[in-house]
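Secondary and tertiary structure notes
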Amino acid sequence: MDIKQTLILVKPDGVQRGLIGEIITRYERKGLKLIGLKLLLLPHAKAEELYAIHKGRPYYDRLIEFMTESPIVAIAVEGENAIQLVRLINGATDPLKSAPGSIRGDFSNHITYNLVHASDCLENAKHELGILFSPEELC
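Every value quoted in this text rests on a predicted model; they were computed, and no experiment measured them. Residue numbers restart at each chain and count upward from 1, following the sequence in its written direction. Local features are withheld for residues below a pLDDT of 70 in this predicted model, meaning they are given only at 70 or higher, and side-chain atom pairs are given and counted only at 80 or more; totals for whole chains, interfaces and linings count all residues. To obtain the side-chain values, all non-hydrogen atoms of the structure were used and water was disregarded.

1. Examining helix α5 (residues 82-90)
Turn by turn, an α-helix covers 3.6 residues, leaving residues three or four places apart pointing in a common direction. Categorising residues by exposure relies on relative accessible area from a 1.4 Å probe, with only protein chains included: less than 20% of the type maximum marks a residue as buried, more than 50% marks it as exposed, and the intermediate range marks it as partly exposed. We count a stretch as a helix when DSSP gives it H or I for four or more residues in a row; a strand needs E for two or more, and each element gets its number in order from the N terminus. Among the residues of α5, Ala82, Ile83, Val86, Ile89 and Asn90 are the ones counted as buried. The buried residues of α5 occupy an angular sector of 130° when projected down its axis, which confines them to one face. Count one or two residues on from α5 and you reach Gly91, which has phi positive near 90°. It is the directions from the helix axis to the C-beta atoms whose arc is reported.

2. Focus: the packing of aromatic side chains
Two numbers describe a pair of aromatic rings. These are the distance of the centres and the angle of the planes. Pairs were defined over the aromatic rings of Phe, Tyr and Trp, the Trp ring being its six-membered one, requiring ring centres within 6.5 Å. Orientation was assigned from the angle between planes: stacked under 30 degrees, edge-to-face over 60, tilted for the rest. Inspection of every chain in the model, using the stated rule, returns one aromatic pair. Ring geometry for Phe66 versus Tyr113: centroids 4.7 Å apart, planes at 75°, classification edge-to-face. With Phe66 in helix α4 (residues 60-68) and Tyr113 in the loop between α6 (103-107) and β4 (116-118), this residue pair connects regions lying 47 residues apart in the sequence. Overall, the relative accessible area of 3% leaves Phe66 in the buried class.

3. Some details on the sheet that holds strand β3 (residues 72-80)
Between any two strands, pairing holds if DSSP finds at least two bridges. Judged by pairing direction, the sheet is antiparallel, and its four strands sit side by side in the order β2-β3-β1-β4 without closing on themselves. Of all the strands in the sheet, the pair left with one neighbour each is β2 (33-40) and β4. With direction set aside, neighbouring strand axes in the sheet form an average angle of 20°. Where strand β1 (residues 3-10) lies against β3, eight bridges are found, and the strand directions are antiparallel. In the strand pairing of β3, Val10 is matched with Val73. Here a residue-residue contact requires only that any non-hydrogen atoms of the pair lie within 4.5 Å. Axis angles are defined between N-to-C directions and span 0 to 180 degrees, where every axis is a line fitted to C-alpha atoms and, for a helix, only to the segment in contact. Contacts between helix α7 (residues 122-132) and the sheet are confined to β1, β2, β3 and β4, with β1 contributing the most and set at about 55° to the helix.

4. Considerations on α7
Within α7, burial applies to Ala125, Glu128, Leu129, Ile131 and Leu132. Down the axis, α7 shows its buried residues gathered within 155° of arc, on one side only. Among the exposed residues of α7, those oriented more than 90 degrees off its buried face are Glu123, Lys126 and Gly130. Of the surrounding elements, those touching the buried residues of α7 are β1, β2, α3 (44-50), β3, α5 and β4.

Taken by themselves, the reported measurements are silent on function.
In C-alpha cells:
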C-alpha cells in the first residue's frame, strides 16, 4: 500500500460559499481519512511560506491577499495514493479544464478563486502540512 498524508485547503471562496461540508464529503467518500482539520485566518507569513514557489509571478501578491483576507479550512488527510487522489478530486486549476464531477469542475468559475488548494507531491505535502499543523495536531 502507498499510504500518504497530504494537505488540502478550502480557500476563502469555498468557505464563503458554504461548501466546506460538500468538499470534505468528497474526500471522505473516496476513502481518505481526515487526520487534521481547522478553521483559521491564514497569517500573512504562513501564506508567503506556503506559496513561496509562486513568488515573482504576476498573480503572487493577489494570491497572498486573497488567502489571508478571510477564513480558510486546513485539512490533513491520509490514505492510499492520497496526493494523487486529492488532486483528481479537486480537478484542474483552470475551471475551464476541470472535469465535471471534480470540485472545481462542479463549483469553480475562476482560475484564482478555485475553492481548494492541494499539495502536488510528497515533498511539498510534508512541507505544507508542517506549515499548518504541528505533529501533535494530527491524529
